[in-house]
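Next come the chains, spelled out residue by residue.
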Amino acid sequence: MHTVHVNTAAPYEVKIGPALLGRAGEEIRPLLSAEKLCVVTDETVKGLYLDTVKRSLEEAGFAVCVYTIAPGEASKNWAELGELLEFLAASGLTRSDAVVALGGGVVGDLAGFAAAVYQRGVAYVQLPTTFLAAIDSSVGGKTAVDLAAGKNLVGAFHQPRLVLCDTKVFATLPPEVFADGAAEAVKYGVLVGKELFAQTANLEGKALPELVAACVQAKADIVEKDERDGGLRNLLNLGHTFGHAIEKESNFRISHGHAVAIGLAMMARAAERKGFLPPAVRIDIENALQANGLPVDCDYPAEAIYKAALGDKKRRGGKLTLVVPFGLGDCRLVPVPAEEVLDWILAGKERLG
Ligand SMILES: NC(=O)c1ccc[n+]([C@@H]2O[C@H](COP(=O)([O-])OP(=O)(O)OC[C@H]3O[C@@H](n4cnc5c(N)ncnc54)[C@H](O)[C@@H]3O)[C@@H](O)[C@H]2O)c1
Ligand SMILES: [Zn+2]
């Protein structure tokens, strides 16, 4: 088993290895004085993994109640949050009890936010079941639901007490859901450097505990220095400024990871055209994304992506902070006046030879 220590104000561990779901009870027991746990999951994950988790929690002496949502982003909303909170109250969860998120990023963000606000905050544990949730959304304490006006518009910082990542569960992921995680893994590779990048370059649908641990470590290193997203944490947005815009422009038909792949490839091409990134590295980035079954371009006009990008919450006083790759392991935050962003998008859209 691999353990990554996340040294935020309230520190916690991310434990990574095969078959950890069956040990959830014994891993959680020493950390919490809770009597009751509410497991939040979605229908798909429930059918695959709830029995294992529930048995383990009950064997460790917890009373367990279960709240199930429909799979997919549409469940990450205010009404579902309200129902979940009412369920916690009706189930008699007290301040010393806890929430367990068993699922992908949708379950994790919703359950984490419910834990952040229920009785002004109760403990929660993340049991991520997608590759993306394992290396990204389960770590770092950002929780949220969507509003009609946009994604993640209401939320809270609330760090989990523990993240238990069972790497065996990736085996049941549909290939395109695995690929969503691969896009974030390639992103960490570009952020951290050659060695990690090489490991992400063609995952063939598999993610070993070592790789998951290296990605989680990369996120932890950044989150520890900027827990509340004041600057440095922006680096994790590599590929996301254009990616979010593309996701939005597609009306969320293009998934987050796929949009990030396009955004990352666009940023690499723009950085090359502007003379910051050597062509060979841009080619490596595009190849890594494609080898993982991810797209590297889209048909939306540059102007549409530009409009959607300006609506992004990362806009600050007429400037957008772009995360620009100068090389593997060398990404920099570059504030760009809003009117120049279109030029970056145009530079990124067109394929290079
Ligand atoms: N909080 C953060 O820091 C952060 C970071 C990145 C993304 N996110 C959020 O994460 C969400 C995306 O997460 P996601 O990509 O995990 O999507 P998801 O939670 O919707 O899961 C994708 C699909 O995979 C299914 N699934 C989950 N685990 C499975 C398994 N082991 N086997 C088979 N099917 C399985 C789910 O039922 C779902 O249909 C978005 O809402 C995004 O905003 C949050
Ligand atoms: Zn992302």
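None of the values given here were measured: they were computed from a predicted structure.

Once that is clear, we can look at the nonpolar core. One recurring pattern in soluble globular proteins: nonpolar side chains tend to sit buried together. Counting 114 residues, the largest nonpolar core has V40, V99, V100 and L110 as the members making the most contacts within it. The biggest single contributor to this core is helix α10 (residues 256–273), with eleven residues. Built from parts of two domains, this core gets at least three residues from each of domain 1 (2–172) and domain 2 (175–349). With near-sequence residues (within four places) excluded, V40 lies in contact with Y67, L84, V99, V100, A101, L102, V107, L110 and A111.

The environment of ligand 1 is made up of 30 residues, and the closest members are T44, G104, G105, T130 and S137. Of all elements in the fold, only α2 (43–59), α4 (105–117), α5 (131–137), β8 (150–157) and α6 (175–192) reach the threshold of two or more residues within the shell around ligand 1. The residue inventory of the shell around ligand 1, partitioned by class, reads ten nonpolar, twelve polar and eight charged. A domain split of the shell around ligand 1 shows at least three residues from each of domain 1 (2–172) and domain 2 (175–349).

With that settled, consider the pairing of strand β9 (residues 162–166). Where a strand is regular, its side chains alternate between the two sheet faces. Where burial is concerned, most of β9 is hidden: five out of the five residues are buried. Burial of the side chains of β9 extends over both faces: L162, L164 and D166 are buried on one face and V163 and C165 on the other. Bridge count for strand β6 (residues 123–128) against β9 is two bridges, and the pairing is parallel. Following the sheet pairing, Q126 is matched in β9 by V163.

What follows covers the packing of helix α9 (residues 240–249) against α10. Two numbers describe how α9 lies on α10: the axes approach to 7 Å, and their chain directions differ by 130°. Relative to α10, α9 is oriented oblique. Read as a crossing pair, α9 and α10 show a hand that is right-handed. Contacts between α9 and α10 involve H240, T241, F242, G243, I246 and E247 on the former and, on the latter, H256, A259, V260, I262, G263, M266 and M267. The residue inventory of the contact of α9 with α10, partitioned by class, reads seven nonpolar, five polar and one charged.

Let's shift gears to the domain arrangement of the protein chain. If you check the domain split of the protein chain, you get domain 1 (2–172) and domain 2 (175–349). On a C-alpha basis, the centroid separation for the pair domain 1 and domain 2 is 26 Å. Between domain 1 and domain 2, the residue contacts involve 22 residues of the former and 23 residues of the latter. Elements supplying a minimum of two residues to the side of domain 1 that touches domain 2: β1 (2–6), β2 (12–17) and α5. Looking at the side of domain 1 that touches domain 2 residue by residue, the class counts come to 13 nonpolar, seven polar and two charged.

Rules used in this analysis
Residues numbered from 1 in each chain as written. Chains lettered and ligands numbered in written order. Predicted model: local features only at pLDDT ≥ 70, side-chain atom pairs only at ≥ 80, totals over all residues. Core = buried A, V, L, I, M, F, W, Y, C linked by C-beta atoms within 7 Å. Buried ≥ 20, exposed ≤ 12 C-beta atoms within 10 Å, placed from the backbone. Helix = DSSP H or I, 4+ residues; strand = E, 2+ residues; numbered from the N terminus. Domains from an automatic or database assignment. Contact = placed C-beta atoms within 7 Å. Near = placed C-beta within 6 Å. Nonpolar A, V, L, I, M, F, W, Y, C, P; charged D, E, K, R; others polar. Pairing = 2+ DSSP bridges. Axes fitted to C-alpha atoms, helices over the stretch in contact; angles between N-to-C directions. Parallel < 35°, antiparallel > 145°, perpendicular 65-115°, else oblique. Left-handed = near helix turned anticlockwise from the far one by under 90°.

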